[in-house]
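# Inside the fold
Each chain, letter by letter, is given below.
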Amino acid sequence: MLTVLANGLNARWSSTVPKVLYQYRGEPLILRTIRLFEALTGQRAIVPCWHCEVVKALDGRELRVGETTSAKETLLRTRSLWDSHNWALLGDVYYTDAAAQKIVACKESLAFFGSWKQRELFAITWWDSIKLAEALEQPGHFNRLWDAYAYASGQKVAVPGPLLRLIEDETTDFDVQP
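Residues numbered from 1 in each chain as written. Predicted model: local features only at pLDDT ≥ 70, side-chain atom pairs only at ≥ 80, totals over all residues. Heavy atoms only, no water.

### Digging into the packing of aromatic side chains
What counts here: Between 30 and 60 degrees the pair is tilted, below 30 it is stacked and above 60 it is edge-to-face, where a pair is any two Phe, Tyr or Trp rings, Trp via its six-membered ring, whose centres lie within 6.5 Å. Note on conventions: DSSP H or I runs of at least 4 residues are helices, E runs of at least 2 residues are strands, and numbering of each starts at the N terminus. For every residue, the accessible area (1.4 Å probe, protein chains only) is compared with the maximum for its type, and the residue is labelled buried under 20%, exposed over 50%, or partly exposed between those bounds.
This structure, assessed with the given rule, holds five aromatic pairs. Pairing W82 with W126 gives two aromatic rings, centres 5.0 Å apart and planes at 70°, and the pair type is edge-to-face. Here W82, found in the loop between α3 (71–77) and β6 (86–90), pairs with W126, found in strand β8 (residues 120–126); they are 44 residues apart in sequence, far enough to count as distant. Each member of the pair, W82 together with W126, is buried. Taken together, F112, W146 and Y149 form an aromatic cluster joined through their ring pairs.

Here it is, written out as structure tokens:
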């Protein structure tokens, strides 16, 4: 299952337009992510969201899960749809082609992708649904994907470890909205 997360609250984004709809290089971030990963995986993306503006842009791909407060909670609401190989991607990230290919090519039972320099996780891929669900269900300090990563990797805090795959993105080019 290919899931592109678009249920964020835009708490750190200072624009009235949801960050997933930000136009970068002529295309909204989420639509580029959908196009890129659908082509690489051969699967149609589902997009858990509740923002009316985002739903209008998604051409029927949305999955209405109601308002959630974290990516962890949103992913758990899609659990009944998980299949043998799954990808979950943040919809407000500009993935480079190399990063997208690395994410799709990963054959490990569970892997998190992100930038340690930026202290951000951008994607998860998993074959082992039980292991990911267990990690997502654990309470954490921030109730974020880093908590699931720390639990799954056996780390007490979010530090680089065996499940983290480093990728580059171009999100820092526009992360602070003028």
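The discussion continues.
### A look at the pattern of salt bridges
What counts is decided by this rule: Salt bridges are defined by distance alone: a side-chain nitrogen of Lys or Arg within 4 Å of a carboxyl oxygen of Asp or Glu.
Per the stated rule, a full pass over the model turns up five salt bridges. A salt bridge links R35 to E27; the shortest N-O distance between them is 2.8 Å. Residue R35 is classed as partly exposed on the basis of its relative accessible area of 47%.

### Re the packing of helix α1 (residues 29–41) against helix α4 (residues 97–105)
In a pair of packed helices, the angle between the axes and the distance between the axes together describe the arrangement. Basically, it comes down to this: Here the axes come from fitting lines to C-alpha atoms, over the contacting stretch only for helices, and the angles between their N-to-C directions go from 0 to 180 degrees. Geometric relationships in this document are graded by angle, where less than 35 degrees denotes roughly parallel, more than 145 denotes roughly antiparallel, 65 to 115 denotes roughly perpendicular, and other angles denote oblique. Throughout, a crossing is termed right-handed when the near helix is turned clockwise from the far one, and left-handed when it is turned anticlockwise from it by less than a right angle. The contact definition used throughout considers only heavy atoms, calling two residues in contact when any of these lie within 4.5 Å.
Packing of α1 against α4 leaves a shortest axis separation of 10 Å and a crossing angle of 45°. One finds that α1 runs oblique with respect to α4. When the axes of α1 and α4 are compared, the crossing they make is right-handed. Residues R32, L36, F37, L40 and T41 of α1 touch α4, and the partners they reach there are D97, A100, Q101, I103 and V104.

### What about the sheet that holds strand β7 (residues 110–115)?
Here is the rule we go by: The pairing criterion for strands is at least two bridges between them, as found by DSSP.
Across the sheet, which stays open at both edges, the five strands sit in the order β1-β6-β8-β7-β9 with mixed pairing between neighbours. The open sheet has two edge strands, β1 (2–5) and β9 (164–166), and neither has a second partner. Pairs of neighbouring strands in the sheet enclose a mean axial angle of 25°, with direction left out of account. Pairing analysis gives six bridges linking β7 to β8, with the strands arranged antiparallel. Pairing of A111 across the sheet is with T125, part of β8.

In short, geometric facts, not functional conclusions.
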